[in-house]
Amino acid sequence: MPVRRPGPPPPLLRFGVEEEFLLTGPRSRVTVPAAEAVIADAARTLGPRAQYEFLTTQVEGCTRPVGTAAELRAELADTRGVLLAAADRAHCRLVATGTAVLPSRHPLTVTPKPRYLLLADRVDGVADQIGAEICGCHVHLGDLTHRQALSLSARMRGWLPLFQAFCANSPFCEGTDHGTASNRPDRYARWPTFGPAPVLDETGYRAALDRMIADGVILDRRMLYWFARPSEHLPTLEVRVADSCADLDTVLLLAVLLRALAHTLLDPRTRARPRPVPDGALRLAHRRAASAALDARLPDPLTGRLQPVRRLLPALVEFTAPALLRTHELGLARHLSARLLATGCGADHQRAALARHGRLSAVVDDLAHRTAATAPLP
């Protein structure tokens, strides 16, 4: 009887990133509704990759899809650079954080676009809640069919709390310290469908969305806020679990490891497979990640046993090492993950800035400085 041999590795995926930012006053450090001026300016260079967000105190920058970590880092730096210059000309600053650090001026203004105004009416109260200015970092993995994206989403579920933990960057929410590393998930929870993606095949996905639209839970197929979702306008899986990160290399590590994990899970030669994670246990893991970040203990996706994040992150790098070698990123992943564990995540940096200076305005200054620091890797 012939021996079945595993097939070839999957094709290499391109990847891209969407980053959401807050706009703050240079002296007040409070968020300012300057998106219209910033986007109009930045769009002269970035075109549609400079985008509005739900509130007029927010903007978004999108990279092009690329094939290498070096290209992605250059895209991130260029996109930030254009937005930084546009913000400066609009007399404000670009800040990457999951929630506003200082108390914002309420009522907050919804971006006057038909879809955003409709969303504000449909999801009552979210536009002006404390902490409504939520900013995330989204990674697109492609090119994938819809079926492949759903399959990959199901296999990735158990790893996403780890990514959430090392990208935690919102310990302060409008002047209040709630004692967690990431306030963004708690603020986002008022939006429908926020949370881990369910395990669905194509038929189940279509049926679930049709039912939610018919019941008025969501407006349309774009109104999904799961931690991972097939994009409705791109051939990608969009992973939406991370806070916006001020440190550009944390964003790069997030994207590199997500793509390496995708390559590993799609590869028929990979023997180790993730254990199914019940929804309740997965939600608990996400709460732990948001609360304790690098100090959290999370379930190992391969064994189910609780492990410290400081052990799980290096283990993820080694689990995906064959995929990282294919893309010449193993050294980079080891370097960036070791540096992050040594220096701390975004939430650690925010708390350290407060400890040094004793005031939250200094936290905003530190975030603005880190957001603007786009020097190349050594």
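Shown above is the structure to which this text applies.
Predicted, not measured: the structure shown is a model, and the values here were computed from it. (Residues numbered from 1 in each chain as written. Predicted model: local features only at pLDDT ≥ 70, side-chain atom pairs only at ≥ 80, totals over all residues. Heavy atoms only, no water.)

J.: Would you mind going over the overall build of the protein chain with me for this structure?
T.: Secondary structure assignment for the protein chain yields 14 helices and eleven strands. Considered along the principal axes of its C-alpha atoms, the protein chain spans approximately 75 × 50 × 40 Å. A burial count over the protein chain gives 56% of its 378 residues as buried. In the protein chain, once contacts between residues fewer than 6 apart in sequence are set aside, the share between residues at least 24 apart is 77%. Charge separation in the protein chain, taken as the distance between the mean sites of 47 positive and 38 negative side-chain charges, equals 6 Å. (Helix = DSSP H or I, 4+ residues; strand = E, 2+ residues; numbered from the N terminus. Buried < 20%, exposed > 50% of the residue type's maximum accessible area, 1.4 Å probe, protein only. Contact = heavy atoms within 4.5 Å. Lys, Arg positive; Asp, Glu negative; His and termini not counted. Charge placed at Lys NZ, Arg CZ, Asp CG, Glu CD.)

J.: What exactly am I supposed to notice about the side chain of Gln 129 here?
T.: Structurally, the position occupied by Gln 129 is in the loop between α3 (114-122) and β5 (136-142). Taking relative accessible area as the criterion, Gln 129 reaches 7% and is therefore assigned buried. Ignoring anything within four residues of it in the chain, the contact list for Gln 129 reads His 106, Leu 108, Glu 174, Arg 187 and Arg 190.

J.: I would appreciate a short explanation of helix α14 (residues 360-372) in the present structure.
T.: Each α-helix turn comprises 3.6 residues. Residues three or four places apart therefore point the same way. The end-to-end C-alpha distance of α14, which contains 13 residues, comes to 19 Å, matching closely the 18 Å that a straight helix rising 1.5 Å per residue would cover. Residues of α14 that are buried in the fold lie against β1 (14-24), α2 (69-89), β4 (93-95), β6 (172-173) and α13 (346-357). (Expected span 1.5 Å × (residues − 1).)

J.: Which parts of the structure should I look at to understand the side chain of Glu 19?
T.: Topologically, Glu 19 is positioned in strand β1. A distance of 2.6 Å separates the side chain of Glu 19 from the side chain of Arg 80, its partner in a polar contact. Residues within four places of Glu 19 in sequence aside, it is in contact with Val 59, Glu 60, Gly 61, Leu 76, Arg 80, Gly 136, Cys 137, Cys 245 and Val 251. (Polar contact = N/O pair within 3.5 Å; in protein donor to acceptor, adjacent residues only side chain to side chain.)

J.: It is not clear to me how the nonpolar core should be interpreted in this structure. Could you clarify?
T.: In a soluble, globular protein the nonpolar side chains are often hidden away together inside. With 93 residues, the main nonpolar core has Phe 54, Leu 141, Met 156, Phe 163, Phe 166 and Leu 257 as its most contacted residues. Ranked by the residues each element gives to this core, the list is headed by helix α8 (residues 248-266), at 13 residues. In this structure, Val 32, Ile 39, Leu 94 and Val 101 belong to the second largest nonpolar core, which totals 30 residues. (Core = buried A, V, L, I, M, F, W, Y, C linked by side-chain atoms within 4.5 Å.)

J.: What's the story with unusual backbone geometry in this structure? I'm lost.
T.: With the exception of glycine, most residues fall at negative phi, and the peptide bonds are largely trans. In this structure, Pro 107 follows His 106 across a cis peptide bond, with omega equal to 5°. With respect to the helices and strands, Pro 107 occurs in the loop between β4 and α3. Going from Gly 142 to Asp 143, the amide bond is cis rather than trans, its omega being 10°. For Asp 143, the position within the fold is in the loop between β5 and α4 (146-156). Positioned with a positive phi, Arg 29 is a non-glycine residue whose angle comes to about 65°. Since its relative accessible area comes to 22%, Arg 29 is described here as partly exposed. Phi at Thr 193 is positive, roughly 70°, even though this residue is not glycine. Thr 193 gets classed as buried once you look at its relative accessible area, which sits at 15%.

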